[in-house]
Amino acid sequence: DTGVSQDPRHKITKRGQNVTFRCDPISEHNRLYWYRQTLGQGPEFLTYFQNEAQLEKSRLLSDRFSAERPKGSFSTLEIQRTEQGDSAMYLCASSLKGATNEKLFFGSGTQLSVL
Amino acid sequence: AQSVTQLDSHVSVSEGTPVLLRCNYSSSYSPSLFWYVQHPNKGLQLLLKYTSAATLVKGINGFEAEFKKSETSFHLTKPSAHMSDAAEYFCVVNDQTGANNLFFGTGTRLTVIP
């Protein structure tokens with residue numbers, strides 16, 4: 001499978017615990033995005049990377065959230081001291097900057113439940 | 001600022017009848033507009049994209065959308081619904097800052113009745 005893959009598919013945690021998600025983009029894609037989708041809503045932009053540089057962060061990304069893309073390939077999203085309001089689907093997408101018809105390819109997401 | 005409004009949270013049609021999913025946009029410039037589909041337990045899939053070329057855009061699976069600047073609309077249509085079309089559909093606008101960030105509407109759930 002050469003699409004965007006995310007791990008784990010589901011994560012259940014207790015409030016106050018830290019969690020980390022991983023995203024593997026399509027191999028030649030230089031842009032990587034994180035979105036969050038809550039029940040009944042459309043995805044909301046969190047942050048994006050071009051290669052290893054984090055170029056933009058949404059105001060939704062509180063200081064408990066941190067994202068990295070150390071070698072410009074896979075990315076991790078960590079949430080510290082989780083809260084029940086963090087329960088959501090976390091989506092990763094990738095694209096190739098400069099492609100003639102650049103478009104985002106989405107992974108299936110990581111569903112987080114904070115108890 | 002740019003945003004999209006999906007006018008119906010839920011649309012129900014009979015198999016074989018036309019589909020209309022409505023979307024209005026707000027943007028201070030000529031936007032790029034998209035429709036994405038989300039099937040359960042699957043990633044978001046791009047149906048079609050408008051980027052200021054032809055106002056009538058044809059997408060995959062028989063869907064098409066028409067950009068109407070005078071009405072600030074980008075409604076999604078399909079002549080004949082199939083059972084496999086049942087899914088959540090999102091109208092999306094691009095922020096045009098170069099980051100390619102997407103702003104999603106709240107979604108329309110399409111139910112197809114056999």
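Owing to the predicted nature of the structure, the values given are computational and were not obtained by experimental measurement.

### Looking at the overall build of chain A
Then comes step 1: Across its full length, chain A holds zero helices and eleven strands.
Then comes step 2: The secondary structure elements of chain A, listed N-terminal to C-terminal, are β-β-β-β-β-β-β-β-β-β-β.
Then comes step 3: Projected onto its principal axes, the C-alpha coordinates of chain A cover approximately 45 × 25 × 25 Å.
Then comes step 4: The proportion of buried residues among the 115 residues of chain A is 45%.
Then comes step 5: In chain A, the proportion of contacts linking residues at least 24 apart, taken out of those at least 6 apart, comes to 53%.
Then comes step 6: When the accessible surface of chain A is split by element, carbon and sulfur atoms take 44% of a total near 6,100 Å².
Then comes step 7: A distance of 3 Å separates the average location of the 15 positive side-chain charges in chain A from that of its 13 negative side-chain charges.

### A few points about unusual backbone geometry
Then comes step 1: Note that the residue after A:Asp7, namely A:Pro8, is joined by a cis bond; omega there is -5°.
Then comes step 2: Mapping A:Pro8 onto the fold places it in the loop between strand 1 (5–7) and strand 2 (10–13).
Then comes step 3: For A:Asn51, which is not glycine, the phi torsion reads 55° and is therefore positive.
Then comes step 4: Among the structural elements, A:Asn51 can be located in the loop between strand 5 (44–50) and strand 6 (53–57).
Then comes step 5: Backbone geometry places B:Asn61, a non-glycine residue, at a positive phi of 60°.

### Describing the confidence of the model for chain B
Then comes step 1: Looking at chain B as a whole, its pLDDT mean stands at 90, while 94% of the residues score no less than 70.
Then comes step 2: Averaged over each element, pLDDT in chain B is lowest for strand 11 (residues 102–104) of chain B (88) and highest for strand 3 (residues 19–21) of chain B (98).

### So, the pattern of salt bridges
Then comes step 1: Following the criterion strictly, the structure yields seven salt bridges over all chains and no others.
Then comes step 2: Ionic pairing is found between B:Asp8 and B:Arg22, a salt bridge with its closest N-O pair at 3.0 Å. Remark: B:Arg22 occurs in the loop between strand 3 and strand 4 (23–26) and B:Asp8 occurs in the loop between strand 1 (3–6) and strand 2 (10–14); sequence separation between them is 14 residues.
Then comes step 3: Between B:Lys58 and B:Glu64 there is a salt bridge; the shortest N-O distance is 2.8 Å.
Then comes step 4: When its relative accessible area of 61% is taken as the criterion, B:Lys58 is described as exposed.
Then comes step 5: It is possible to trace a salt-bridge network through shared partners that takes in A:Arg64, A:Glu83 and A:Asp86.

### A short note on the interface of chain A and chain B
Then comes step 1: Contacts between the two partners involve 21 residues from chain A, matched on the other side by 17 residues from chain B.
Then comes step 2: Both sides together, the interface formed by chain A and chain B hides about 1,500 Å², and carbon and sulfur atoms give 48% of it.
Then comes step 3: Put simply, chain A and chain B have zero salt bridges between them.
Then comes step 4: Linking chain A with chain B are two residue pairs in polar contact (both at pLDDT 80 or more), by the criterion used here.
Then comes step 5: Residue assignment for the side of chain A that touches chain B shows that the elements contributing at least two residues are strand 4 (31–37), strand 5 and strand 9 (88–95) of chain A.
Then comes step 6: Among the elements that line the side of chain A that touches chain B, the one with the most residues is strand 4 of chain A, at four residues.
Then comes step 7: The residue inventory of the side of chain A that touches chain B, partitioned by class, reads eight nonpolar, eight polar and five charged.

### A few points about the packing of aromatic side chains
Then comes step 1: The full count for this structure, using the stated rule, is 16 aromatic pairs over all chains.
Then comes step 2: Seen from their ring centres, B:Phe34 and B:Tyr36 are 6.3 Å apart, and the 40° between their planes marks the pair as tilted. Accessibility classification places B:Phe34 together with B:Tyr36 in one group, the buried group.
Then comes step 3: Ring pairing ties together the aromatic residues A:Tyr33, A:Tyr35, A:Phe45, A:Tyr48, A:Phe106, B:Phe34, B:Tyr36, B:Phe90 and B:Phe104, which thus form one cluster.

### Focus: the layout of surface pockets
Then comes step 1: Reported here for the largest pocket is a volume of approximately 620 Å³.
Then comes step 2: Lining the largest pocket are 28 residues, and of these A:Gln37, A:Leu39, A:Met89, B:Gln38 and B:Arg109 lie nearest its centre.
Then comes step 3: Elements with a minimum of two residues in the lining of the largest pocket: strand 9 and strand 11 (110–114) of chain A together with strand 10 (87–94) of chain B.
Then comes step 4: For the lining of the largest pocket, the element with the highest residue contribution is strand 10 of chain B, accounting for three residues.
Then comes step 5: Here the residues of the lining of the largest pocket are counted per class, giving seven nonpolar, 16 polar and five charged.
Then comes step 6: Estimates place the volume of the second largest pocket at around 420 Å³.
Then comes step 7: Contributions of two or more residues to the lining of the second largest pocket are made by strand 5 of chain A together with strand 1 and strand 11 of chain B.

The rules behind each value
Residues numbered from 1 in each chain as written. Chains lettered and ligands numbered in written order. Predicted model: local features only at pLDDT ≥ 70, side-chain atom pairs only at ≥ 80, totals over all residues. Heavy atoms only, no water. Helix = DSSP H or I, 4+ residues; strand = E, 2+ residues; numbered from the N terminus. Buried < 20%, exposed > 50% of the residue type's maximum accessible area, 1.4 Å probe, protein only. Contact = heavy atoms within 4.5 Å. Areas by Shrake-Rupley, 256 points an atom, 1.4 Å probe, with all protein chains shown as cover. Lys, Arg positive; Asp, Glu negative; His and termini not counted. Charge placed at Lys NZ, Arg CZ, Asp CG, Glu CD. pLDDT = per-residue confidence, 0-100. Salt bridge = Lys/Arg side-chain N within 4 Å of Asp/Glu carboxyl O. Buried area = accessible area lost by both parts, 1.4 Å probe. Polar contact = N/O pair within 3.5 Å; in protein donor to acceptor, adjacent residues only side chain to side chain. Nonpolar A, V, L, I, M, F, W, Y, C, P; charged D, E, K, R; others polar. Phe/Tyr/Trp six-rings, centres within 6.5 Å; stacked < 30°, edge-to-face > 60°. 1 Å grid on protein atoms, 1.4 Å probe; cavity = no way out; pocket = protein on both sides within 12 Å on 5 of 7 lines; lining within 4 Å. Points joined across faces, edges and corners; volume = space filled by probe spheres on them.

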